[in-house]
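Commentary on secondary and tertiary structure
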Amino acid sequence: MTRLIFLGPPGAGKGTQAEILAKKLEIPHISTGEILREAIAQQTTLGIEAKNYVDNGDLVPNELILDLVKERLSQEDTKKGWILDGFPRNVHQASFLDELLAQLNQACDYVLNLDVQDEVLIERLLARGRKDDNKDTITNRLEVYRQQTAPLIDYYQKHNLLNQVNGDLTLNEVHESLLAIVKP
Ligand code: AMP
C-alpha cells in the first residue's frame, strides 16, 4: 500500500515517472491533467468549462477540480494506494486534500518533488509537442508553477513528507532514485 504525490514543474517528467511507478506498484496513476484532456476531447461539461484554461496554461478553477478528485479517490481501486500527478497544484488544493484524506482515513506516504532546471524543462516541453506545449503557453505554465505550485514544496516540507529528486538525469536514473525512496 503506497500513497504518493508527485510535485514538480511542467516538463519535469512527473507523468512518465508516475506511470512507470504506478505499474510497478500496481496502484492507480491519477493525473488531473489527463482527466481534463480526456474531458476536453469528449466535450463533456467539465471539458467545455476547462478548455480555455488548459489551452492557455492557467490552472482551471478549484471548483472544477476538487469534486473530481474527491470522487476519484473514493473509488474502489484506490484502496490499494494511488499516485497523484498534477494535484495538488496550489495551497488551497493541498489543504482540501489533507481534509479529504482525513475523511477517508488515509494518509499520504511520500511527496516526491522532481527538481529540473528551467532550460531542460523548456527543451522537454517543446520536444513533447502537446497542444499546450507552445512557447507562450509554456512560459505561462512555468510562471503559474512558480507562483502557485512551488509554495507546496514548503508546505510538504513542513508536513515532513517531502523528498527531493534530481529530475535532470535520465528516465532510468530518475526511476531508480524514486525506488530508493519508495522501496516497494
Ligand atoms: P498537466 O498534464 O498536469 O501538465 O496539466 C495540464 C493542464 O491541466 C494544466 O496546465 C492546467 O490547465 C490543468 N490542470 C491539471 N491539473 C490541475 C489542477 N490540479 N488544478 C488546476 N488545473 C489543473
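Cut-offs used in this document
Numbering of residues starts from 1 in each chain and follows the order in which that chain's sequence is written. Reporting in this predicted model follows two pLDDT cut-offs: at least 70 for local features of residues, and 80 or more for side-chain atom pairs to be given and counted; totals over whole chains, interfaces and linings ignore these cut-offs and use all residues. Just so you know, side-chain values use all the structure's heavy atoms and leave hydrogens and water out. A pair of strands is labelled paired if DSSP reports no fewer than 2 bridges between them. Runs of E in the DSSP output that reach at least two residues are strands. Runs of H or I that reach at least four are helices, and both are numbered from the N terminus. Between N-to-C directions, angles span 0 to 180 degrees; the directions come from axes that are lines fitted to C-alpha atoms, helices contributing only their stretch in contact. Only heavy atoms matter for contacts: two residues are in contact if any of them lie within 4.5 Å across the pair. With a 1 Å grid spanning the protein atoms alone, the term cavity applies to any set of points in which a 1.4 Å probe fits but cannot get out, the term pocket to an open set with protein on both sides within 12 Å along at least five of seven lines, and the term lining residue to any residue with an atom within 4 Å of a point. Grid points are joined across faces, edges and corners, and a volume is the space filled by probe spheres set on the points. Throughout, the ten residues Ala, Val, Leu, Ile, Met, Phe, Trp, Tyr, Cys and Pro are labelled nonpolar, Asp, Glu, Lys and Arg are labelled charged, and all others, Gly among them, are labelled polar. We call two directions roughly parallel when the angle between them is under 35 degrees, roughly antiparallel when it is over 145, roughly perpendicular when it lies between 65 and 115, and oblique otherwise. We call a crossing left-handed when the near helix sits turned anticlockwise from the far one by less than a right angle, and right-handed when that turn is clockwise. Throughout, nonpolar core names a set of buried Ala, Val, Leu, Ile, Met, Phe, Trp, Tyr and Cys residues whose side chains join them through atoms within 4.5 Å. For each residue, the accessible area found with a 1.4 Å probe, counting protein chains only, is set against the maximum for its type, and the residue is called buried under 20%, exposed over 50%, and partly exposed in between.

Considering the sheet that holds strand 1 (residues 2–7)
- Spatially, the five strands line up as an open sheet ordered 2-3-1-4-5, and their pairing is parallel. Edge positions in the sheet fall to strand 2 (29–31) and strand 5 (162–166), since each of these pairs with one other strand and no more. Going from strand to strand, the sheet's axes swing by 25 degrees on average, the running direction of each strand aside.
- In the sheet, strand 2 pairs with strand 3 (residues 81–85) via three bridges, with the strands oriented parallel. Paired with I30 across the two strands is L84, which belongs to strand 3.
- This element, helix 2 (residues 32–42), spans strand 2 and strand 3 of the sheet and lies at about 60 degrees to strand 2.
- Helix 9 (residues 171–182) contacts strand 1, strand 4 (110–115) and strand 5 of the sheet and is inclined by roughly 155 degrees relative to strand 4.

So, the layout of surface pockets
- Roughly 950 Å³ of internal volume is contained in the largest pocket.
- For the largest pocket, the lining is made up of 43 residues, of which K14, D85, R89, R128 and R130 are closest to its centre.
- Sorting the residues of the lining of the largest pocket by element identifies helix 1 (14–25), strand 2, helix 2, helix 6 (118–128), helix 7 (135–149) and helix 9 as the ones contributing at least two each.
- Looking at the lining of the largest pocket residue by residue, the class counts come to 15 nonpolar, 16 polar and twelve charged.

Side note on the packing of helix 6 against helix 7
- Between helix 6 and helix 7, the shortest axis-to-axis distance is 11 Å and the interhelical angle comes to 135 degrees. Here helix 7 runs oblique to helix 6, going by the angle between their axes. The handedness of the crossing between helix 6 and helix 7 is right-handed. Residues D118, L121, I122, L125, L126 and R128 of helix 6 form the contact with helix 7, whose own contacting residues are K135, I138, R141, L142 and R146.
- Its residues assigned to classes, the contact of helix 6 with helix 7 shows six nonpolar, no polar and five charged.

Section: empty space enclosed by the protein
- All told, the structure shown has one cavity of 30 Å³ or more when counted by the stated rule.
- Surrounding the largest cavity, F6, L7, G8, K14, G86, F87, P88, R89 and T149 form its lining.
- A per-class count over the lining of the largest cavity returns four nonpolar, three polar and two charged.

A closer look at the nonpolar core
- Counting residues in hydrophobic clusters, the biggest one holds 30 residues, and the most contacted among them are I5, L73, W82, L97, V111 and Y156.
- Elements that contribute at least two residues to this core include exactly strand 1, helix 2, helix 3 (45–56), helix 4 (62–72), strand 3, helix 5 (91–103) and helix 8 (151–158).
- In terms of residues, this core owes the most to one element, helix 4, which gives five residues.
- Contacts of V111, omitting those with residues within four sequence positions, involve I5, L7, Y156, L161, L162 and N163.
- Grouped together as the second largest cluster of nonpolar side chains are 22 residues, A22, L114, V165 and V174 included.

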